[in-house]
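Understanding the architecture of this molecule
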Amino acid sequence: MQAHVSKKTLSEGLGLLERIIPSRSSNPLLTALKVEAGAQGLLLSGTNLEIDLSCVVPAEIKDPASFVVPAHLLAQIVRNLGGELVELELSGNELAVRAGGSEFKLQTGDLGAYPELSFPAHADATLSAAELARSLSSVRYAASNEAFQAVFRGIKVEQSGTRARVVASDGFRLALREFAAPGEARDLIIPARSADELVRVLRDGEVRLSYGDGLLGIQTDRVRMNVKLLDGDFPDYERVIPRDIKLKVTLGAAALKEAVSRVAVLADKNANNRVEFQIGEGTLRLAAEGDYGRGQDSLEVQQEGSEPAMSLGFNAKYVLDALGPIEGDVEMQFSGPTSPAMFRASGDGGYLAVVVPLRI
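Below: a short report on this structure. (Residues numbered from 1 in each chain as written. Predicted model: local features only at pLDDT ≥ 70, side-chain atom pairs only at ≥ 80, totals over all residues. Heavy atoms only, no water.)

Turning next to the packing of helix α5 (residues 253–264) against helix α6 (residues 316–323). Axis separation between α5 and α6 bottoms out at 10 Å; the angle between their running directions is 160°. Between α5 and α6, the angle is such that the two are roughly antiparallel. As for the relative orientation of α5 and α6, their crossing is left-handed in sense. On the side of α5, the interface is formed by Leu-256, Lys-257, Val-260, Ser-261 and Ala-264, while α6 contributes Ala-316, Val-319, Leu-320 and Leu-323. (Axes fitted to C-alpha atoms, helices over the stretch in contact; angles between N-to-C directions. Helix = DSSP H or I, 4+ residues; strand = E, 2+ residues; numbered from the N terminus. Parallel < 35°, antiparallel > 145°, perpendicular 65-115°, else oblique. Left-handed = near helix turned anticlockwise from the far one by under 90°. Contact = heavy atoms within 4.5 Å.)

Dropping the structure here:
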């Protein structure tokens with residue numbers, strides 16, 4: 001087998017697999033990359049038993065063949081090659097990698113012992129790849145890394161007729177985004193770390209989803225992916241979304257981010273990074289206090305509602321995370337000083353963040 005391939009495209013493909021394939025494992029085969037050289041080019045495949053991934057790298061192929069090589073070692077070699085055109089040549093149990101004046105030879109593994117990876121051939125739903133990636137990215141910050149309930153370490157995807165919703169929560173905050181997505185009703189929970197890898201492979205165009213038993217299949221023109229789903233029931237998050245809004249404030253999201261960041265410099269890191277929000281008479285006053293002093297800032301806002309004033313305390317990081325996906329104006333809605341507050345883009349019903357205020 002001989003293959004000629006651009007260093008850039010091969011590095012990109014190996015980079016996707018390198019994130020999936022473990023660098024160390026009790027099963028050495030899981031650290032390997034399977035390469036199938038055929039008419040389409042190089043089909044690269046790998047797994048960590050939670051995610052299966054394969055991607056196509058365009059290449060000129062002579063004498064098609066398949067082989068298994070150490071994934072991270074091959075990726076490191078290709079990244080460090082000096083030339084822009086890479087030549088791969090398989091001879092017996094040895095793979096030669098050449099570019100410019102460099103040549104490396106790698107021992108191949110046992111192809112027959114490599115786990116068989118299969119990907120669904122059908123599609124249960126077809127979505128915009130960019131919109132799905134944007135939605136998952138918008139809520140990812142709210143998923144927990146340490147929650148005792150595994151479902152909090154995932155992102156819930158709900159599909160119902162013409163729309164889909166992605167939701168994440170760690171018990172202290174919640175983020176959701178809705179978007180147009182025709183398809184039959186489905187509920188599933190994607191591990192947040194798997195969602196990170198899914199976002200990386202989604203580009204423009206369409207993504208085709210296949211629903212299996214505890215498995216989500218993803219396919220684009222270039223990539224196929226299986227994601228093992230989380231078991232369990234996601235909590236009834238609708239209960240924490242306030243309904244009785246007593247005060248609504250609108251201002252520029254960028255200005256609020258900058259002001260919160262400024263005063264948070266002096267926030268007490270041992271007291272949940274607390275920043276005070278004091279609203280009244282069309283002004284939002286921000287204040288933070290720590291061992292080394294106190295910081296204040298004020299912003300003019302559009303204010304409406306039955307409550308003329310309100311004071312709340314928030315973890316500054318939670319506020320900044322909630323504001324992250326919002327461009328233009330942000331609309332903050334409050335139902336009381338101890339009730340969850342909502343942050344959403346003004347005029348955009350797609351994204352919503354809910355943050356629980358800190359107790360005094």
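With that settled, the discussion passes to the nonpolar core. Counting residues in hydrophobic clusters, the biggest one holds 104 residues, and the most contacted among them are Leu-42 and Leu-256. Ranked by the residues each element gives to this core, the list is headed by α5, at six residues. With eleven residues, the next largest nonpolar core counts Phe-234, Ile-241, Met-342 and Leu-352 among its residues. (Core = buried A, V, L, I, M, F, W, Y, C linked by side-chain atoms within 4.5 Å. Buried < 20%, exposed > 50% of the residue type's maximum accessible area, 1.4 Å probe, protein only.)

In this section: the sheet that holds strand β5 (residues 60–62). An order of β5-β1-β7-β8-β9 is seen for the five strands of this open sheet, with the pairing classed as antiparallel. Sheet topology places β5 and β9 (102–107) at the edges, where each strand pairs with a single neighbour. Strand-to-strand, the axes of this sheet are offset by a mean angle of 15°, without reference to chain direction. Pairing of strand β8 (residues 94–99) with β9, which is carried by six bridges, proceeds in the antiparallel orientation. If you follow Ala-99 over to β9, its bridge partner there is Ser-102. Sitting on the sheet, helix α1 (residues 7–20) touches β1 (2–6) and β7 (85–91), and the angle it makes with β1 is about 95°. Against the sheet, helix α2 (residues 71–79) makes contact with β8 and β9, and its axis sits at roughly 175° relative to β9, the strand it touches most. (Pairing = 2+ DSSP bridges.)

Since one α-helical turn is 3.6 residues long, residues separated by three or four positions face the same way. Given a rise of 1.5 Å per residue, twelve residues ought to cover 16 Å, and the 16 Å separating the end C-alpha atoms of α5 matches this to within 8%. Taken together, the buried positions of α5 are Ala-253, Leu-256, Ala-259, Val-260, Val-263 and Ala-264. For α5, the angular spread of the buried residues around the axis is 130°, confining them to a single face. (Expected span 1.5 Å × (residues − 1). Arc of directions from axis to C-beta.)

All right, on to the environment of Ala-142 then. Here Ala-142 lies in the loop between α3 (129–139) and β11 (154–169). A residue is classified by how much of its surface remains accessible, and Ala-142, at 0% relative accessible area, is buried. Expressed as a C-alpha distance, the spacing of Ala-142 and Ala-195, which sit 53 residues apart in the sequence, is 13 Å.

Here the focus is the pattern of salt bridges. Applying the stated criterion to the full structure yields 26 salt bridges. Put simply, Arg-262 and Asp-297 hold a salt bridge, and the shortest N to O gap is 2.8 Å. Separated by 35 residues along the polypeptide, Arg-262 in helix α5 and Asp-297 in strand β19 (residues 293–300) bring together distant segments of the chain. The exposure class assigned to Arg-262 is partly exposed, which follows from its relative accessible area of 47%. (Salt bridge = Lys/Arg side-chain N within 4 Å of Asp/Glu carboxyl O.)

Our focus in this paragraph is empty space enclosed by the protein. Enumeration over the complete set of coordinates arrives at one cavity of 30 Å³ or more. Within this model, the largest cavity holds a volume of roughly 80 Å³. Residue lining of the largest cavity: Leu-127, Leu-132, Val-157, Gln-159, Arg-186, Leu-188, Ile-190, Leu-209, Tyr-211 and Leu-216, and that is the complete set. Within the residue set of the lining of the largest cavity, elements represented by two or more residues are β11, β12 (173–191) and β13 (206–212). With three residues, the top contributor of residues to the lining of the largest cavity is β12. A breakdown of the residues in the lining of the largest cavity according to their chemical character gives eight nonpolar, one polar and one charged. (1 Å grid on protein atoms, 1.4 Å probe; cavity = no way out; pocket = protein on both sides within 12 Å on 5 of 7 lines; lining within 4 Å. Points joined across faces, edges and corners; volume = space filled by probe spheres on them. Nonpolar A, V, L, I, M, F, W, Y, C, P; charged D, E, K, R; others polar.)

Before going further, it helps to examine the pairing of strand β16 (residues 247–252). As defined by bridge partners, β16 adjoins strand β22 (residues 329–334) across six bridges and the pair is classed as antiparallel. When the bridges of β22 are listed, Val-249 appears paired with Met-332. Direction of pairing for β16 relative to strand β20 (residues 302–304): antiparallel, over a ladder of three bridges. Residue pairing for β20: Val-249 is matched across the bridge by Gln-303.

Checked against the element boundaries, Glu-184 lands in strand β12. Its relative accessible area of 46% is what places Glu-184 among the partly exposed residues. With 59 residues separating them along the chain, Glu-184 and Ala-125 place their C-alpha atoms 7.8 Å apart.

Let us look at the environment of Arg-243. Mapped onto the secondary structure, Arg-243 falls in the loop between β15 (223–228) and β16. Assessed through its relative accessible area of 61%, Arg-243 is described here as exposed. Along the sequence, Arg-243 and Gln-333 sit 90 residues apart, while their C-alpha atoms lie 9.8 Å from each other. Among the polar contacts listed, one links the side chain of Arg-243 to the side chain of Glu-238, at a separation of 2.9 Å. (Polar contact = N/O pair within 3.5 Å; in protein donor to acceptor, adjacent residues only side chain to side chain.)

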